[in-house]
Amino acid sequence: MDSLITAAAHALAAGDPLGALKRVALRDDAPALALRGIAMAQLGDLVRAKALLKSAARAFGRREAVARARCVVAEAEIALVSRDLSWPAKALDAARATLEAHGDRVNAAHARNVEVRRLLLIGRLDEAERMLSALDPSPLPPAARAAHELAVAGIAARRLQTKTAHAALSRAAEAARKADIPALTAEVENAALVLKTPAARLIARGEERTLLLEEVEALFASGALVVDACRNVVRDERQVVSLATRPILFALARALAEAWPGDVSRSTLLSRAFRAKHADESHRARLRVEIGRLRAELRALADVSATKNGFALVPRRAGEVVVLAPPVEERHAAVLAFLADGESWSSSALAIALGASPRTVQRALEQLAEAGKVQSFGRGPARRWMTPPLTGFPTILLLPGPLPSD
């Protein structure tokens, strides 16, 4: 490898893309194309970066499998940053295997971190954790170690293991300091803000306040009966009952929990669960049926007792009943939560991340655009959606999910 290529690679490793481009901007050989692609990616021109890396991968010969694999890893990272979740994950897995087989541990670790970040983005925490646990970060250079610790923190935060997340972020900050790459330091600082931003609202005894992630973790260990509107479950310290597929039952449970220790009138329950403005005998009969079903679902956690005016929730073990609600509740809050990361998303990528149909997501985006909450640019397959981060609104990292015991 000639001196200019070596110097450009060192500049990129130090977070100096302009310095790298000064050395290889006018060259079209395969190594120069690859370095130019990575430099353009660091400068934010992802379209140009992707084209350059594809050209570099084609230019490398068959005997240069490692170089081609590195190009694939760089392409995968660009796809992740640009929220192209349809990019073939198998190609990244094959590239990582190639790098591991040839002893390139640093780039193989980077490939693994890219895979983990993608899995985190689409909510596959178990797979991400298994993949991360297979890597020993101790021999990695500081930049790669920081990326690894960020992934550890991301998993821990989503599992509400805040002490683990704090420790991982501290290690990431130290590694970023040693790497001396400003962009990496900024990424660690932004990740740390997650633990300082309201993640949910607590509603109890007619009062409401915001909670940080560590406070949500403490709430679940407190022994209280929690009606969790972030995941549509009812839980105490020992057991979780999911009502995610039973929206009427969950609406009833939430109404009863918000009124605890008092009761809720039948008319209020009819309005909350069925949106009935004028209740007739058929509505009352349906309410009795649904209350019976709720009793059956919650029998291990609480009873639903009839009162003179309506019904009341009576916990079996817990001494307190509370509601845990998202920081912001509106019809398309999940879409806004993903867009709040400041990146531009395609509707197809949002559909993959949300596990929803593309048409459902497209309708949500159109309604949010009409309300002035999101904006788009581009047309057809190149159309992207984004919104500036909203004050007090959770990013996807703040969404609890899957919570302990789920």
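This report concerns the structure included in the present document. (Residues numbered from 1 in each chain as written. Predicted model: local features only at pLDDT ≥ 70, side-chain atom pairs only at ≥ 80, totals over all residues. Heavy atoms only, no water.)

### With respect to the overall build of the protein chain
The helix and strand inventory of the protein chain stands at 18 helices and 11 strands. Projected onto its principal axes, the C-alpha coordinates of the protein chain cover approximately 85 × 45 × 35 Å. Of all 406 residues assigned to the protein chain, the portion counted as buried reaches 45%. Intrachain contacts of the protein chain at a sequence separation of at least 6 include 56% that bridge at least 24 residues. Working note: accessible area of the protein chain is about 20,000 Å², and carbon and sulfur atoms make up 52% of it. Here the protein chain contributes 57 positive and 45 negative side-chain charges, whose respective centroids are spaced 4 Å apart. (Helix = DSSP H or I, 4+ residues; strand = E, 2+ residues; numbered from the N terminus. Buried < 20%, exposed > 50% of the residue type's maximum accessible area, 1.4 Å probe, protein only. Contact = heavy atoms within 4.5 Å. Areas by Shrake-Rupley, 256 points an atom, 1.4 Å probe, with all protein chains shown as cover. Lys, Arg positive; Asp, Glu negative; His and termini not counted. Charge placed at Lys NZ, Arg CZ, Asp CG, Glu CD.)

### Some remarks on the environment of Ser 267
Relative to the elements of secondary structure, Ser 267 occurs in helix H14 (residues 266-274). Remark: the alpha-carbon pair of Ser 267 and Arg 284, spanning 17 residues in sequence, is separated by 8.8 Å.

### Regarding empty space enclosed by the protein
Empty space among the atoms becomes visible once a probe the size of a water molecule is rolled across them. Per the stated rule, a full pass over the model turns up 1 cavity of 30 Å³ or more. A volume near 90 Å³ is recorded for the largest cavity. For the lining of the largest cavity, the elements supplying multiple residues, two or more each, are helix H5 (65-81), helix H6 (89-101) and helix H7 (105-121). (1 Å grid on protein atoms, 1.4 Å probe; cavity = no way out; pocket = protein on both sides within 12 Å on 5 of 7 lines; lining within 4 Å. Points joined across faces, edges and corners; volume = space filled by probe spheres on them.)

### What about the packing of helix H1 (residues 3-13) against helix H2 (residues 17-24)?
Put simply, H1 and H2 touch, their axes get as near as 7 Å, and they point 165° apart. Between H1 and H2, the interaxial angle falls into the category roughly antiparallel. Between H1 and H2 lies a crossing of left-handed hand. Seen from H1, the contacting residues are Leu 4, Ile 5, Ala 7, Ala 8, Ala 11 and Leu 12; seen from H2, they are Pro 17, Gly 19, Ala 20, Arg 23 and Val 24. (Axes fitted to C-alpha atoms, helices over the stretch in contact; angles between N-to-C directions. Parallel < 35°, antiparallel > 145°, perpendicular 65-115°, else oblique. Left-handed = near helix turned anticlockwise from the far one by under 90°.)

### Details of H5
Its 17 residues place the ends of H5 25 Å apart at the C-alpha level, agreeing with the 24 Å of an ideal helix rising 1.5 Å per residue. Of the residues making up H5, those classed as buried are Val 66, Ala 67, Ala 69, Cys 71, Val 73, Ala 74, Glu 75, Ala 76, Ile 78, Ala 79 and Leu 80. Among the structural elements, helix H3 (30-43), helix H4 (46-59), H6 and H7 are those in contact with the buried residues of H5. Of the residues flanking the end of H5, it is Arg 83, one or two places downstream, whose phi is positive at about 60°. (Expected span 1.5 Å × (residues − 1).)

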